[in-house]
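# Report on the structure
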Amino acid sequence: MGVEFLKGHGTENDFVVLPDPEGLLDLTEERVRVLCDRRRGLGADGVLRVVRPDFGPWFMDYRNADGSIAEMCGNGVRVFVRYLVDEGLVPAGEFTIGTRSGERRVVAHADGTVTVDLGRALVTGTGTATVGGSAFGGVAVDVGNPHLACVTEVPVGELDLEVPPGYDPVLFPHGVNVEFVNVLADGALRMRVHERGVGETRSCGTGTVAAVASWLHGSGQRTGKATVDVLGGQVSVVVEEEGATITGPAVLLARGELDQAWWDAL
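Here we summarise the structure given alongside this text. (Residues numbered from 1 in each chain as written. Predicted model: local features only at pLDDT ≥ 70, side-chain atom pairs only at ≥ 80, totals over all residues. Heavy atoms only, no water.)

## Description of the overall build of the protein chain
- Along its length, the protein chain carries four helices and 17 strands.
- On C-alpha atoms alone, the protein chain measures out to a radius of gyration of 18 Å, which is about the 18 Å that the 2.2 N^0.38 rule sets for 266 residues.
- Dimensions of the protein chain along its principal axes, counting C-alpha atoms only, are 55 × 40 × 30 Å.
- Looking at the 266 residues of the protein chain, the share that counts as buried comes to 52%.
- Contacts in the protein chain between residues far apart in sequence, at least 24 positions, make up 59% of those at least 6 positions apart.
- For the protein chain, the exposed area adds up to about 11600 Å²; of that, 49% sits on carbon and sulfur atoms.
- In the protein chain, 22 side chains carry a positive charge and 37 a negative one; their mean positions are 1 Å apart. (Helix = DSSP H or I, 4+ residues; strand = E, 2+ residues; numbered from the N terminus. Rg over C-alpha atoms; globule rule 2.2 N^0.38 Å. Buried < 20%, exposed > 50% of the residue type's maximum accessible area, 1.4 Å probe, protein only. Contact = heavy atoms within 4.5 Å. Areas by Shrake-Rupley, 256 points an atom, 1.4 Å probe, with all protein chains shown as cover. Lys, Arg positive; Asp, Glu negative; His and termini not counted. Charge placed at Lys NZ, Arg CZ, Asp CG, Glu CD.)

Written out as structure tokens, the structure reads:
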């Protein structure tokens, strides 16, 4: 027997899902890097390992494409939830999952979308990102992981995000996800994102929450809601005092088995 896997995405932010209820897989950084490589492996923005602890809810062990461990992934949670429901491990509706940012309430809707309560979106300060020699002022937002969300009038489609944006390492000692945001209308945003440990992705769930929090902060508001257009589709975000939610699609598109000899050789 080889290693079971599935492939899925949330607004085209794609993941390899590794069912491992007993926690037996030795998921090394090298294995994650190769799995996520679009030539050497299956190709993905990250890996979701599905673990069932002795106590508590199903746990999402999320790794970035470079093998590093991440605290939270809003799009990944939706794919994780879709797997649990489709496999009959939990019933559709509202339940709780575990993450490195703590337990998160989720709702699996009948239409295939998933709502995730990501906890409070905490504005922690301001910072500057640089792209192509230009500086963009932004708002630092903690959504269980660090973000620098920059609302700008420069069309985000014109930015070159192949090179990681510059940022203040003193402000973000563990790296940061950087969002560039255009306001299309009141309650309608467009975003591109460069994720730490990955590069530019088609979407970032926690990043859309950071984008909305940054927009609200700049408008003198603490709560509100907006749709966010990303390269891979659209999500809906609600930011409230007690927490923020994101609602969007989650798709599982393939399943198979990794060759055991290939896995063991990594």
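Having put the structure on the table, let's press on.
## With respect to the pairing of strand S1 (residues 3-10)
- Burial within S1 is extensive, with six of its eight residues counted as buried.
- As paired elements, S1 and strand S17 (residues 251-258) share seven bridges and run antiparallel to each other. Looking at the pairing, Gly8 lines up with Leu252 of S17.
- Bridging between S1 and strand S2 (residues 13-19) involves five bridges; their strand directions are antiparallel. Counted as the bridge partner of His9 is Asp14 from S2.
- Where S1 folds back on S2, the antiparallel hairpin that results is connected by two residues, among which Thr11 adopts a positive phi of roughly 45 degrees. (Pairing = 2+ DSSP bridges.)

## Thoughts on the layout of surface pockets
- Counted as a void, the largest pocket has a volume near 220 Å³.
- Lining the largest pocket, in full, are Arg120, Ala121, Leu122, Val123, Ala213, Leu216, His217, Gln221, Arg222, Val239, Glu240 and Glu241.
- Here the lining of the largest pocket takes three residues from helix H3 (residues 205-218), the largest share from any one element.
- Within this model, the second largest pocket holds a volume of roughly 160 Å³.
- Examining the composition of the lining of the second largest pocket, we find that three residues originate from one element, strand S13 (residues 199-201), more than from any other.
- Classifying every residue of the lining of the second largest pocket gives five nonpolar, two polar and four charged. (1 Å grid on protein atoms, 1.4 Å probe; cavity = no way out; pocket = protein on both sides within 12 Å on 5 of 7 lines; lining within 4 Å. Points joined across faces, edges and corners; volume = space filled by probe spheres on them. Nonpolar A, V, L, I, M, F, W, Y, C, P; charged D, E, K, R; others polar.)

## Looking at the side chain of Arg78
- Structurally, the position occupied by Arg78 is in helix H2 (residues 74-86).
- Notably, Arg78 is buried but unbridged: the nearest opposite-charge side chain belongs to Asp111, and the N-O separation is 10.0 Å.
- One polar contact links the side chain of Arg78 to the main-chain carbonyl oxygen of Pro249, over a distance of 3.0 Å.
- Residues contacting Arg78, with those up to four places away along its chain left out, are Gly10, Thr11, Val114, Val116, Val235, Ile246, Gly248, Pro249 and Ala250. (Salt bridge = Lys/Arg side-chain N within 4 Å of Asp/Glu carboxyl O. Polar contact = N/O pair within 3.5 Å; in protein donor to acceptor, adjacent residues only side chain to side chain.)

## Digging into the nonpolar core
- Grouped together as the largest cluster of nonpolar side chains are 52 residues, with contacts concentrated most on Val81, Leu84, Phe95 and Val212.
- Discounting residues that sit within four places of it in the chain, Val81 has contacts with Phe95, Ile97, Val106, Ala108 and Val114. (Core = buried A, V, L, I, M, F, W, Y, C linked by side-chain atoms within 4.5 Å.)

## Concerning the packing of aromatic side chains
- Evaluated as defined, the whole model comprises three aromatic pairs.
- Geometrically, the ring pair formed by Phe15 and Tyr62 is edge-to-face, given 5.9 Å between the ring centres and 75 degrees between the ring planes. Placement of the pair is Phe15 in strand S2 and Tyr62 in strand S4 (residues 59-64), with a sequence separation of 47 residues. Of the two residues, Phe15 and Tyr62, neither departs from the other in class, the shared state being buried.
- With centroids separated by 5.3 Å and ring planes inclined at 75 degrees, the aromatic side chains of Phe136 and Phe180 adopt a geometry described as edge-to-face. Of the two residues, Phe136 is situated in strand S9 (residues 134-142) and Phe180 in strand S11 (residues 177-185); the sequence distance between them amounts to 44 residues. (Phe/Tyr/Trp six-rings, centres within 6.5 Å; stacked < 30°, edge-to-face > 60°.)

## Comments concerning empty space enclosed by the protein
- In total, this model carries one cavity of 30 Å³ or more according to the counting rule given.
- Empty space within the largest cavity amounts to approximately 90 Å³.
- What lines the largest cavity is a set of 15 residues, among which Asn64, Met72, Asn145, Asn177 and Glu195 lie closest to the centre.
- Listing elements by their share of the lining of the largest cavity, those giving two or more residues are S4, H2 and H3.

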